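Understanding the architecture of this molecule
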Amino acid sequence: MSKRKTAAFGVPPSLIEIEITESLLVKDSATVRSALEKLRQLGCRIALDDFGTGYSSLAYITRFPPDRIKIDKAFVNNVDRSSSDGAVASAILSLGKSLDLIVTAEGIERTGQLEWLRARGCNEVQGFLLSRPLSAQDLENRYLLTVEAQKPDARSGIAS
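Just so you know, these numbers come straight off a predicted model, no measurement behind them. (Residues numbered from 1 in each chain as written. Predicted model: local features only at pLDDT ≥ 70, side-chain atom pairs only at ≥ 80, totals over all residues. Heavy atoms only, no water.)

**Thoughts on the sheet that holds strand β2 (residues 45-51)**
Two strands in a sheet stick together by hydrogen bonds in their backbones, pointing the same way (parallel) or opposite ways (antiparallel). Note the cut-off: By definition, two strands form a pair when at least two bridges between them are found by DSSP. The helix count covers DSSP runs of H or I at least four residues long, the strand count covers runs of E at least two residues long, and both are numbered beginning at the N terminus. Between N-to-C directions, angles cover 0 to 180 degrees, with each direction set by a line fitted to C-alpha atoms, over the stretch in contact for helices. For this analysis, residues touch if any pair of their heavy atoms sits within 4.5 Å.
Taken together, 5 strands build an open sheet; the order of strands is β1-β2-β3-β4-β5 and the sheet is parallel. With one partner strand each, in any of the chains shown, β1 (17-21) and β5 (124-126) form the two edges of the open sheet. For this sheet the average axis-to-axis angle between neighbouring strands, irrespective of direction, equals 25 degrees. As judged from the 3 bridges shared by β2 and strand β3 (residues 68-71), these two strands associate in the parallel manner. The residue bridging F51 from the neighbouring strand is I71, located in β3. Where helix α3 (residues 29-42) meets the sheet, its contacts fall on β1 and β2, and the angle it forms with β1 comes to roughly 165 degrees.

**Concerning the side chain of D49**
Put simply, the rule reads: Throughout, exposure labels follow a simple rule: accessible area from a 1.4 Å probe, protein chains only, divided by the maximum for the residue type, with under 20% read as buried, over 50% as exposed, and the rest as partly exposed. Think of it this way: Lys and Arg go in the positive column, Asp and Glu in the negative one, and His and the chain ends go nowhere. A pairing counts as a salt bridge when a side-chain nitrogen of Lys or Arg comes within 4 Å of a carboxyl oxygen of Asp or Glu.
Among the structural elements, D49 can be located in strand β2. Although D49 lies buried, it forms no salt bridge, and the closest oppositely charged side chain, K70, sits 4.5 Å away as judged by the N-O distance. Leave out the neighbours within four places in its chain, and D49 touches E19, I20, T21, E22, K70 and E106.

**Observations regarding the pairing of β1**
As a general feature of sheets, a regular strand has side chains that alternate between the two faces. Side chains I18 and I20 of β1 all project onto a buried face; the interleaved residues E17, E19 and T21 project onto a face where none is buried. Note that β1 and β2 share 5 bridges and pair parallel. Bridge pairing in β2 places T21 opposite D49.

If you want it as structure tokens, here you go:
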């Protein structure tokens, strides 16, 4: 990827987020780190997925800090029902806050999970509670066209 290629598609690199799993970073750290450094130099953001699973090493976060860490669904599933899952999720949230990272919790399916994470300052969540996966057309119809319809008409000032 180059700035020229992203410009050809009209997408600024700052809007591109590269998501890698923690296990990939550990598996071939020198190669992966080099590729991530090049992507970051272009202006892309980096997300570390499945954080806390696999071959977790906190050293990787300090050597090549991502912009976002994603709490794996394994820890989120019973976060509001299990003290041990809650402790792990709290530790990840605290780590993210201390390192000034965005923390996203994956796999939100119940209101209890959402409330637990919201009460502890989780930045973002994703999961079926909010929406099932959508095609680009469904996303546009559901969210973008609804917003467009609520904007005031430039000529009359009345929402269409």
